[in-house]
2 protein chains.
Amino acid sequence: MALWSDGIDGDVLSELDWSIREEVIEALPEAVVAEAVRELDTDDVVDILEDLEPEGQERILEALADADRVAVEQALSYPEESAGRLMQREVVVAPEHWTVGEAIDFLRGAESLPDQFYHVILTDPRMKPMGYVTLGRILSSRRDVALRTITEDGFRTVSATDPEGNVAYMFNQYHLISCPVVDAGGRLVGVITIDDAMNVLDEEHEEDMLLLAGVGEESSIADGVWDTVKARLPWLAINLVTASLSAVVITQFEHTIAALVALAALMPIVASTGGIAGTQSLAVAVRGLATRDLTQANAARVVRREVLSGLMNGLALAVLLGTVGSLIFGDWHLGLVLGLAMIVNQVVASLGGVLVPLGLSKMGLDPALASGTFVTTLTDVMGFFAFLGLATVMLI
Amino acid sequence: MALWSDGIDGDVLSELDWSIREEVIEALPEAVVAEAVRELDTDDVVDILEDLEPEGQERILEALADADRVAVEQALSYPEESAGRLMQREVVVAPEHWTVGEAIDFLRGAESLPDQFYHVILTDPRMKPMGYVTLGRILSSRRDVALRTITEDGFRTVSATDPEGNVAYMFNQYHLISCPVVDAGGRLVGVITIDDAMNVLDEEHEEDMLLLAGVGEESSIADGVWDTVKARLPWLAINLVTASLSAVVITQFEHTIAALVALAALMPIVASTGGIAGTQSLAVAVRGLATRDLTQANAARVVRREVLSGLMNGLALAVLLGTVGSLIFGDWHLGLVLGLAMIVNQVVASLGGVLVPLGLSKMGLDPALASGTFVTTLTDVMGFFAFLGLATVMLI
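Conventions used here
Residues numbered from 1 in each chain as written. Chains lettered and ligands numbered in written order. Predicted model: local features only at pLDDT ≥ 70, side-chain atom pairs only at ≥ 80, totals over all residues. Helix = DSSP H or I, 4+ residues; strand = E, 2+ residues; numbered from the N terminus. Rg over C-alpha atoms; globule rule 2.2 N^0.38 Å. Buried ≥ 20, exposed ≤ 12 C-beta atoms within 10 Å, placed from the backbone. Contact = placed C-beta atoms within 7 Å. Pairing = 2+ DSSP bridges. Least-squares fit on C-alpha atoms with pLDDT ≥ 70 in both. Arc of directions from axis to C-beta. Nonpolar A, V, L, I, M, F, W, Y, C, P; charged D, E, K, R; others polar. Domains from an automatic or database assignment. Axes fitted to C-alpha atoms, helices over the stretch in contact; angles between N-to-C directions. Parallel < 35°, antiparallel > 145°, perpendicular 65-115°, else oblique. Left-handed = near helix turned anticlockwise from the far one by under 90°. pLDDT = per-residue confidence, 0-100.

## Describing the overall build of chain A
Across its full length, chain A holds 17 helices and six strands. Taken over C-alpha atoms, the radius of gyration comes to 29 Å for chain A, far larger than the 21 Å a tight globule of 396 residues would show. Each principal axis of the C-alpha atoms in chain A carries an extent, and together these give about 90 × 55 × 30 Å. In chain A, which comprises 396 residues, the proportion classed as buried is 51%. Sequence separation of 24 or more characterises 70% of the internal contacts of chain A that already satisfy a separation of 6 or more.

## What to know about the pairing of strand β5 (residues 178-182) of chain B
Successive residues of a regular strand alternate their side chains across the two faces of the sheet. All names here are of chain B. Counting buried positions along β5 gives four out of five residues, so the element sits mostly inside the fold. Alignment of strand β4 (residues 158-159) against β5, held across two bridges, turns out to be parallel. Within β5, the residue paired with S159 across the bridge is V182. Bridge count for β5 against strand β6 (residues 188-193) is five bridges, and the pairing is antiparallel. Residue pairing in the sheet places V181 in a bridge with G190 of β6. In this antiparallel pair of consecutive strands, β5 and β6, the connection spans five residues, and G186 shows a positive phi of 80 degrees.

## Topic: the relation of the copies chain A and chain B
Mapping chain A onto chain B is achieved by rotating through 180 degrees and translating by 0.0 Å along the same axis, at an RMSD of 0.1 Å. Here the transformation between the copies is reduced to the relation of a two-fold axis. When the interface residues of chain A are mapped onto chain B, 100% of them again fall at the interface, so both copies present the same face.

## A few points about helix α8 (residues 100-109) of chain A
Buried residues of α8(A): A:V100, A:A103, A:I104 and A:L107, and no others. Viewed end-on, α8(A) has its buried residues packed into an arc of 95 degrees, placing them on one side of the element. Along its buried surface, α8(A) packs onto β1 (93-95), β2 (119-123) and α9 (135-139) of chain A together with α9 (135-139) of chain B.

## Describing helix α4 (residues 42-50) of chain B
Along an α-helix, residues three or four apart share an orientation, since each turn contains 3.6 residues. In terms of burial, α4(B) is a largely internal element, seven of the nine residues being buried. Taken together, the buried positions of α4(B) are B:T42, B:D43, B:V45, B:V46, B:D47, B:I48 and B:L49.

## Let's talk about the interface of chain A and chain B
Facing the 87 residues of chain A at the interface are 87 residues of chain B. For the side of chain A that touches chain B, the elements supplying multiple residues, two or more each, are α8, α9, α11 (194-212), α12 (225-251), α13 (254-259), α14 (262-290), α15 (299-329) and α17 (371-394) of chain A. No other element matches the 17 residues that α14(A) contributes to the side of chain A that touches chain B. Residues that form the side of chain A that touches chain B fall into these classes: 49 nonpolar, 26 polar and twelve charged.

## Looking at unusual backbone geometry
The phi torsion of most residues other than glycine is negative, and most of the peptide bonds are trans. The residue A:E81 is not glycine, and still its phi comes out positive at about 55 degrees. Relative to the elements of secondary structure, A:E81 occurs in the loop between α6 (66-76) and α7 (83-86). A count of 16 C-beta atoms within 10 Å places A:E81 in the partly exposed class. The phi torsion at B:M127 lies on the positive side, around 65 degrees, for a residue other than glycine. Its place among the elements puts B:M127 in the loop between β2 (119-123) and β3 (129-134).

## Thoughts on the domain arrangement of chain A
All names here are of chain A. Segmentation of chain A into domains returns domain 1 (10-77), domain 2 (93-210) and domain 3 (216-394). Centre-to-centre, using C-alpha coordinates, domain 2 lies 47 Å away from domain 3. Each partner contributes to the interface: domain 2 provides five residues, whereas domain 3 provides six residues. Here the element with the most residues in the side of domain 2 that touches domain 3 is α11; it accounts for four residues. For the side of domain 2 that touches domain 3, a count of residues per class yields two nonpolar, no polar and three charged.

## Looking at the environment of A:D115
Residues and elements named next belong to chain A. Secondary-structure assignment places D115 in the loop between α8 and β2. On the basis of neighbour count, D115 is assigned to the partly exposed category, with 16 C-beta atoms found within 10 Å. Distance in space between the C-alpha atoms of D115 and M130 is 23 Å, their sequence separation being 15 residues.

## As for the sheet that holds β6(B)
All names here are of chain B. Spatially, three strands are ordered β4-β5-β6 in an open sheet, and the strand pairing comes out mixed. Sheet topology places β4 and β6 at the edges, where each strand pairs with a single neighbour. Here helix α11 (residues 194-212) sits on the sheet and contacts β5 and β6; the angle it forms with β6, its principal contact strand, is near 65 degrees.

## What about the sheet that holds strand β3 (residues 129-134) of chain A?
Residue and element names in this part refer to chain A. Spatially, the three strands line up as an open sheet ordered β1-β2-β3, and their pairing is mixed. A single partner strand is all that each edge strand has here, and the edge strands are β1 and β3. Strand-to-strand twist of the sheet, defined as the mean angle between neighbouring strand axes without regard to direction, takes the value 35 degrees.

## Some points on the packing of α14(A) against helix α17 (residues 371-394) of chain B
Two elements in contact, α14(A) and α17(B), have axes separated by 11 Å at closest approach and are oriented at 150 degrees. Taken together, the axes of α14(A) and α17(B) are roughly antiparallel relative to one another. Along this stretch, α14(A) crosses α17(B), giving a crossing that reads as right-handed. For the pair α14(A) and α17(B), the contacting residues are A:P268, A:S272, A:G275, A:I276 and A:T279 in the first and B:G372, B:T373, B:T376 and B:D380 in the second. Here the contact of α14(A) with α17(B) is composed, by residue class, of two nonpolar, six polar and one charged.

## As for the confidence of the model for chain A
Any region with low pLDDT has predicted coordinates that should not be read closely. Residue and element names in this part refer to chain A. Overall, the predicted model of chain A reaches an average pLDDT of 89, with 98% of residues at or above 70. When mean pLDDT is taken per element in chain A, strand β4 (residues 158-159) scores highest with 96 and helix α2 (residues 18-27) scores lowest with 75. Both confidence scores are given for the complex: pTM 0.84, ipTM 0.84.

## Quick look at the environment of B:T193
Residues and elements named next belong to chain B. Its place among the elements puts T193 in strand β6. Sequence separation between T193 and A264 is 71 residues, and the spatial gap between their C-alpha atoms is 58 Å. Beyond its immediate chain neighbours, meaning those up to four positions away, T193 contacts Q116 and S178.

Structure representation (structure tokens):
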């Protein structure tokens with residue numbers, strides 16, 4: 001980087017993975033960074049600044065032109081992960097009474113336009129967005145057509161304080177290409193384009209997947225050993241504690257195991273199959289919450305579905321395991337215990353897989369947050385308890 | 001639906017979840033469906049047809065205008081989940097020698113234009129795409145400017161047979177808004193827009209998440225009990241078999257357990273913590289493969305990272321568990337066995353979490369395909385084996 005630093009493209013900084021961007025920016029001479037960021041749209045500058053320390057932010061802000069600095073500082077004043085942080089300030093607007101011809105003449109005369117824009121936003125005199133017209137419609141209409149007669153149906157705006165997750169959901173749901181952002185007074189302050197929304201969607205998926213697995217949400221394949229340990233060890237330590245619950249449960253049945261050691265060999269089957277069932281139910285529920293197909297309104301139906309399918313899966317597995325167990329050990333009582341424990345644990349697993357994320361979501365937490373750890377702890381404990389408890393009653 | 005069926009909007013059919021779309025289409029009178037699909041762009045018609053039975057496809061194809069039918073049939077001739085299926089045939093092209101004025105006049109005179117378009121694609125006389133111009137550039141340029149002087153940098157095309165996953169990756173990586181599709185001869189046959197690419201990206205994430213959890217990739221929160229059982233039971237049955245491996249391993253150590261029943265209570269701790277570590281490593285690896293940050297080129301480095309961080313996590317957990325175990329059971333030999341087994345299983349887990357998806361990917365399979373089941377089986381078996389094996393050697 002040092003060798004190549006005379007004149008770096010701002011887009012290069014913008015595309016760098018955040019995990020190395022700070023290092024790169026610190027390694028570059030101030031003047032080079034200043035020159036690089038000056039060409040970027042404000043959303044990209046904000047994106048770069050967000051991850052920097054305050055001193056680094058200052059250095060870059062000072063390098064910007066006055067108007068840009070004000071715009072970036074204002075964007076940074078919005079909450080993290082909000083629409084205000086995501087938007088670019090560069091918008092193409094037209095008064096709502098303009099014609100196609102006036103819009104084209106204005107665009108031809110404009111000194112600087114955003115890198116990418118897909119709509120002209122119509123505003124009233126107080127900068128309140130009233131609708132937008134696609135560039136395709138403008139290009140294919142006659143010069144004397146009034147812009148307000150060719151606006152798109154289903155015009156939507158987002159508030160600058162809306163969470164970026166909601167914005168990404170809206171883009172995906174309504175096939176938006178760009179969306180105006182308004183402040184608390186309903187005035188236009190910026191626009192979010194679909195490439196940014198796609199990026200957010202991608203990041204949210206990444207978070208879901210990593211949180212489900214109990215890894216820090218910023219883990220990446222590029223992390224070093226130390227970052228990897230830092231991201232994973234806390235969850236492993238928590239799991240050490242929760243797994244000890246299983247040990248405590250099993251300890252209560254030491255006499256049973258001492259009387260029939262084969263139980264120790266069989267008990268992980270019930271626990272492990274429960275763990276898989278819980279993970280299955282969990283994945284579908286977390287996905288459903290992310291796409292908003294699972295809501296408090298249909299939660300009861302989904303919970304009932306989970307219980308019933310847990311019961312049916314449990315019955316099928318119980319017949320399989322119970323029969324094989326009875327044959328191998330020549331003891332149909334043992335087969336019955338295996339089967340019954342399997343049914344109980346499958347129902348608990350399916351239920352836990354949907355209730356844990358629903359509960360986390362109701363508490364305002366991310367439904368994926370380490371729910372894998374919770375659910376497998378539940379299925380382990382329940383699997384051992386049901387199996388050893390039934391064995392104590394029916395076999396000993 | 002039946003009540004409301006006189007005149008349904010094609011977009012409604014297009015937006016319906018595929019799981020109920022077939023039912024809805026069968027419930028509607030033929031004439032209504034025919035009328036509805038006629039207004040759609042070809043990519044949406046293809047999307048609807050893909051999920052229907054051959055007879056249903058025929059009915060809709062017959063309803064289309066001749067030109068549209070040919071276009072849709074041609075799209076269906078491309079492999080499933082390819083760029084050819086995803087693209088729309090409606091493209092806006094201009095000869096490469098045109099000026100801005102000629103393009104605007106052409107667009108104003110055009111009888112029908114696609115619902116959404118963001119670029120005018122320049123082609124040579126043999127319909128080979130040479131570059132594209134954004135509508136923003138056309139609108140902001142003078143009429144006498146030659147289109148070829150204002151084309152975008154970094155022009156890319158995809159082949160109609162490219163997998164849709166590659167296309168979505170390209171859109172995300174290069175911030176594309178639309179991308180021309182060419183046939184084997186390099187001729188323009190259609191265009192893919194970002195909303196379709198975003199959709200693919202979303203579906204791929206869903207697949208990864210569901211496959212990792214061992215659920216059929218088409219599971220959804222809307223499924224009934226029966227579909228849920230069908231999607232989950234096969235993986236549960238497979239897990240029943242793999243979990244029996246653990247039982248076989250434990251059976252080898254029945255004498256050890258009979259001699260010291262506390263071992264039965266402690267062994268799930270080592271196995272469970274290994275399962276979590278494997279899941280963590282797996283999630284990061286599957287994500288890395290999806291974003292193409294993990295490749296065969298850097299696999300060795302990532303594997304080394306996993307082994308080292310597994311070792312460090314193992315050491316930390318070993319100290320914790322070993323100390324507590326020694327104190328509770330008043331036997332430092334037992335603590336040592338717990339600690340050593342933990343280290344072994346953490347290393348195996350981290351390694352398995354990255355090698356299983358890498359292996360699946362090398363075999364041309366989806367790296368997320370039930371890899372969760374494989375990895376937890378591995379960590380269960382290894383956890384029980386290491387713990388009971390060491391206990392047999394050091395305690396009995």
